[in-house]
Amino acid sequence: MTPPHAPRAASNDPRARRGVFVVFEGGDSAGKTTQVRALSRWLTERGVAFTTTHEPGDSWLGAQVRRLVLSPDSGPIGPRAECLLYIADKAQHVDEVVGPALDRGEVVVSDRYVDSTIAYQAAGRFLAADDVETIARWATGSLRPHLTVLLDVDPDHAVNRLHTKDRIEREGDDFHRRVRAGFLALAERDPEHYLVLPARDSIGSISQRVRERLEPLLAEVSVPADTMGS
Ligand SMILES: Nc1ncnc2c1ncn2[C@@H]1O[C@H](COP(=O)(O)OP(=O)(O)O)[C@@H](O)[C@H]1O
Ligand SMILES: Cc1cn([C@H]2C[C@H](O)[C@@H](COP(=O)(O)OP(=O)(O)O)O2)c(=O)[nH]c1=O
């Protein structure tokens, strides 16, 4: 059995990598960007080499996908097409950004990953979760995070933090409630690799809990920044 906090290197995972892959997930305006920034500051202070990134959009292809799926001015996009667009972004993101950084032995901190597709496109858009997960795992070479931090947000609370709404954020309350339940179901399925925190907690207390959970992972596999090639 995998010990708690140990990096996941499943035997069926051809992409067992050297680095540590950390993902922040949660509903819109849950505080992911804020926590990615806080974690970056902490990793910098510790001298750990890291890359921060996000989905959708952190590649040339991803930027095009992001514009298509988020612009309120986009024409009609059906649930399956939307799902495949997000998954195309993910495939490119792993090939171009996440995988190479992990191969360099870095800590990779991503704002969203596969769970967002399962929560938004399967739970939110009523696509079959098994199908969506199978395609998303194929697209990402089954690369799974060592730790996913789920900032669990009550959609009614998140709305207060939103200013201008993109195409997904404009969906109704029921959609966002299904998304929340979708995220929580994923965390319940695999508690060893998740840290679920209420998004209402203070910024400081959330980042403290993240650091505590991450510390043992860093001790095992991280590469100090001063040993990196660049
Ligand atoms: N724990 C928190 N408590 C209160 N406000 C927060 C908290 N975390 C983030 N915020 C604020 O909520 C807004 C959305 O946060 P952000 O980090 O951009 O969320 P996301 O990246 O999940 O959309 C920002 O104005 C941010 O300052
Ligand atoms: C990565 C991903 C995001 N999304 C949605 C969630 C967000 O509403 C939107 C990304 O917007 P973004 O502004 O990056 O996120 P946030 O609102 O958390 O700051 O795309 C999906 O529907 N599926 C996915 O696979």
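Conventions used here
- Residues numbered from 1 in each chain as written.
- Chains lettered and ligands numbered in written order.
- Predicted model: local features only at pLDDT ≥ 70, side-chain atom pairs only at ≥ 80, totals over all residues.
- Heavy atoms only, no water.
- Near = heavy atom within 4 Å.
- Polar contact = N/O pair within 3.5 Å; in protein donor to acceptor, adjacent residues only side chain to side chain.
- Areas by Shrake-Rupley, 256 points an atom, 1.4 Å probe, with all protein chains shown as cover.
- 1 Å grid on protein atoms, 1.4 Å probe; cavity = no way out; pocket = protein on both sides within 12 Å on 5 of 7 lines; lining within 4 Å.
- Sits in = over half its atoms within 2 Å of the grid points.
- Salt bridge = Lys/Arg side-chain N within 4 Å of Asp/Glu carboxyl O.
- Helix = DSSP H or I, 4+ residues; strand = E, 2+ residues; numbered from the N terminus.
- Buried < 20%, exposed > 50% of the residue type's maximum accessible area, 1.4 Å probe, protein only.
- Expected span 1.5 Å × (residues − 1).
- Arc of directions from axis to C-beta.
- Axes fitted to C-alpha atoms, helices over the stretch in contact; angles between N-to-C directions.
- Parallel < 35°, antiparallel > 145°, perpendicular 65-115°, else oblique.
- Left-handed = near helix turned anticlockwise from the far one by under 90°.
- Contact = heavy atoms within 4.5 Å.

1. As for the site of ligand 2
Turning to step 1, where the next piece is worked out: Close to ligand 2 lie 16 residues; Asp 28, Lys 32, Arg 112, Thr 117 and Gln 121 are nearest.
Turning to step 2, where the next piece is worked out: Here an oxygen atom of ligand 2 sits 2.8 Å away from a polar atom, N or O, in the side chain of Tyr 86.
Turning to step 3, where the next piece is worked out: In the model, an oxygen atom of ligand 2 is placed 2.6 Å from a nitrogen or oxygen of the Thr 117 side chain.
Turning to step 4, where the next piece is worked out: Compared with its free state, where it exposes 540 Å², ligand 2 has 90% of that area covered by protein.
Turning to step 5, where the next piece is worked out: Given that more than half its atoms are within 2 Å of the pocket grid, ligand 2 belongs to the largest pocket.

2. Some thoughts on the pattern of salt bridges
Turning to step 1, where the next piece is worked out: As enumerated under the stated definition, the model contains 13 salt bridges in all.
Turning to step 2, where the next piece is worked out: The shortest N-O distance in the salt bridge between Glu 215 and Arg 46 comes to 2.2 Å. Remark: Arg 46 occurs in helix 1 (residues 32-46) and Glu 215 occurs in helix 8 (residues 203-221); sequence separation between them is 169 residues.
Turning to step 3, where the next piece is worked out: Its relative accessible area of 35% is what places Glu 215 among the partly exposed residues.
Turning to step 4, where the next piece is worked out: Beyond isolated ion pairs, a larger network of salt bridges with shared partners links Glu 82, Arg 125, Arg 167 and Glu 171.

3. Remarks on helix 7 (residues 173-189)
Turning to step 1, where the next piece is worked out: If you check helix 7, its first and last C-alpha atoms are 25 Å apart, about what 17 residues at 1.5 Å a residue would give, namely 24 Å.
Turning to step 2, where the next piece is worked out: Listed in full, the buried residues belonging to helix 7 are Phe 175, His 176, Val 179, Gly 182, Phe 183, Leu 186 and Ala 187. The buried residues of helix 7 occupy an angular sector of 130° when the element is viewed end-on, so they sit on one face. Exposed positions of helix 7 whose direction lies more than 90 degrees from the buried face are Asp 174, Glu 188 and Arg 189.

4. Topic: the site of ligand 1
Turning to step 1, where the next piece is worked out: Inspection of the region around ligand 1 gives 12 residues, with Gly 31, Lys 32, Thr 33, Thr 34 and Asp 201 positioned closest.
Turning to step 2, where the next piece is worked out: At 3.1 Å from an oxygen atom of ligand 1 is found a main-chain nitrogen or oxygen belonging to Ser 29.
Turning to step 3, where the next piece is worked out: Thr 33 places a polar side-chain atom, nitrogen or oxygen, 2.4 Å from an oxygen atom of ligand 1.
Turning to step 4, where the next piece is worked out: Here ligand 1, which alone exposes 560 Å², has 65% of that area covered by the protein.
Turning to step 5, where the next piece is worked out: If you list the elements that add at least two residues to the shell around ligand 1, you get helix 1 and helix 8.
Turning to step 6, where the next piece is worked out: By residue number, the principal contributor to the shell around ligand 1 is helix 1, which donates three residues.

5. So, the packing of helix 4 (residues 114-124) against helix 7
Turning to step 1, where the next piece is worked out: Packing of helix 4 against helix 7 leaves a shortest axis separation of 8 Å and a crossing angle of 135°. Taken together, the axes of helix 4 and helix 7 lie oblique to each other. Seen along the crossing, helix 4 lies across helix 7 with a hand that is right-handed. Contact residues: Asp 115, Ser 116, Ile 118, Ala 119, Tyr 120, Ala 123 and Gly 124 in helix 4; Phe 175, Arg 178, Val 179, Gly 182, Phe 183 and Leu 186 in helix 7.

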